[in-house]
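# Coordinate analysis (summary)
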Amino acid sequence: MQKILECADLCKTFSSKNGDIRAVDGLSFSVSKGECYGLVGESGSGKSTLGNLICALENPDSGKILFEGHDISLFNKKQMLSFRKKMQIIFQDPYATLNPKHRIGSIIEEGLKIHKIGRNHEERKKLANEMRMLTGLPYDILEKYPSELSGGQRQRVSIASAMILNPEFLICDECVSSLDVLIQAQILNLLKAMQKSMKLTYLFISHNLNVVSYMADRIGVMYKGQIVEEKATEELLKNPEHEYTKKLLKAAGL
């Protein structure tokens, strides 16, 4: 399969009072177009840092990130804008990422304005309403504020805001971990359906192996900044090799 993302020898170190922390340590992996690659590991393993590096929210200390064969560190302003349209991310806490002073309609339309999609306000409003329906949000939600929404509704708004740009690659960073089990299942099924209908590629990041195994075609197990094991999901569940993978499976009851 064609590779859409390739990471080679990525390193990222953060300084703290207790010394340097190597969040990503010489990590290499790739994601094929159209697949859902699951990244699993406990808190502090470097998963979210890796996600931030891939979508250029942070810069690596060394190593390369190739998106569609191009080194993202070499992008000029115009190329980076195009990259950000193609590469979207959904975070764990939707309330922290939604502007509390803006109505939901304005939040969903914001990406359209930045990337100059839609000829006028009415066209952008129509696109936002179509995405509202696609993500299963109620008809009157576009006039509400984030504080008036449930956690599940806020996460659907985050998904709508990302999907409205018709991205090629979506990073889901612990995007259901703050939701109760029933709402988790609804959001996961929504993401699965949208991946199929929109032909998306996912990097699905979570500490929950049950959730990752439900979503992913292939899983990378991350431990202390490195991917210590990588296999097709079914094979990983049946035949784990690394001791850390075995511990995660046992903790998940798998």
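Data block above holds the structure.
Residues numbered from 1 in each chain as written. Predicted model: local features only at pLDDT ≥ 70, side-chain atom pairs only at ≥ 80, totals over all residues. Heavy atoms only, no water.

## Describing helix α6 (residues 151-163)
Given 3.6 residues per turn, any residue in an α-helix points the same way as the ones three and four places further on. Given a rise of 1.5 Å per residue, 13 residues ought to cover 18 Å, and the 18 Å separating the end C-alpha atoms of α6 matches this to within 8%. Most of α6 is tucked away, with 11 of its 13 residues classed as buried. Of all the residues in α6, the buried ones are Gly152, Arg154, Gln155, Arg156, Val157, Ser158, Ile159, Ala160, Ser161, Ala162 and Met163. (Helix = DSSP H or I, 4+ residues; strand = E, 2+ residues; numbered from the N terminus. Expected span 1.5 Å × (residues − 1). Buried < 20%, exposed > 50% of the residue type's maximum accessible area, 1.4 Å probe, protein only.)

## What about the packing of aromatic side chains?
For the structure shown, the criterion picks out 5 aromatic pairs. Each residue in the set Phe67, Phe75, Phe83 and Phe169 is aromatic and connected to the rest through ring pairs, giving one cluster. (Phe/Tyr/Trp six-rings, centres within 6.5 Å; stacked < 30°, edge-to-face > 60°.)

## So, the environment of Gly253
Looking at where Gly253 falls in the secondary structure, it is placed in the segment after α10 (243-252). Residue Gly253 is classed as exposed on the basis of its relative accessible area, which comes to 65%. Spatially, the C-alpha atom of Gly253 lies 8.5 Å from that of Asn210, the residues being 43 residues apart in sequence.

## Topic: the pattern of salt bridges
Within this structure, the stated rule accounts for 13 salt bridges. Here Asp25 and Arg22 are joined by a salt bridge, their closest N and O atoms 3.7 Å apart. Under the relative-accessibility criterion, Asp25 is labelled partly exposed at 25%. Relative accessible area serves as the criterion here: at 44%, Arg22 is assigned to the partly exposed category. Among the salt bridges present, the one from Glu241 reaches Lys231, with a minimum N-O distance of 2.8 Å. (Salt bridge = Lys/Arg side-chain N within 4 Å of Asp/Glu carboxyl O.)

## Notes on the environment of Gln184
Along the chain, the position of Gln184 falls in helix α7 (residues 181-198). Its relative accessible area of 15% is what places Gln184 among the buried residues. Once the C-alpha coordinates of Gln184 and His242 are considered, the two residues, 58 residues apart in sequence, prove to be 28 Å apart.

## Thoughts on the pairing of strand β2 (residues 19-32)
Pairing analysis gives 11 bridges linking strand β1 (residues 3-16) to β2, with the strands arranged antiparallel. When the bridges of β2 are listed, Ser15 appears paired with Asp20. Here β1 folds back onto β2 in antiparallel fashion, the turn holding 2 residues. (Pairing = 2+ DSSP bridges.)

## A look at the pairing of strand β6 (residues 87-90)
As a general feature of sheets, a regular strand has side chains that alternate between the two faces. Both faces of β6 are covered, namely the face carrying Met87 and Ile89 and the face carrying Gln88 and Ile90. Relative to strand β7 (residues 169-173), β6 is paired through 4 bridges, and the arrangement is parallel. Directly across from Met87, in β7, lies its bridge partner Phe169.

## A look at the layout of surface pockets
Approximately 620 Å³ is the volume attributed to the largest pocket. Taken together, 22 residues form the lining of the largest pocket, with Gln88, Ile89, Glu110, Ser161 and Ala162 sitting closest to its centre. Counting residues per element, the ones that place at least two in the lining of the largest pocket are α2 (77-86), β6, α4 (104-114) and α6. Its residues assigned to classes, the lining of the largest pocket shows 12 nonpolar, 8 polar and 2 charged. (1 Å grid on protein atoms, 1.4 Å probe; cavity = no way out; pocket = protein on both sides within 12 Å on 5 of 7 lines; lining within 4 Å. Points joined across faces, edges and corners; volume = space filled by probe spheres on them. Nonpolar A, V, L, I, M, F, W, Y, C, P; charged D, E, K, R; others polar.)

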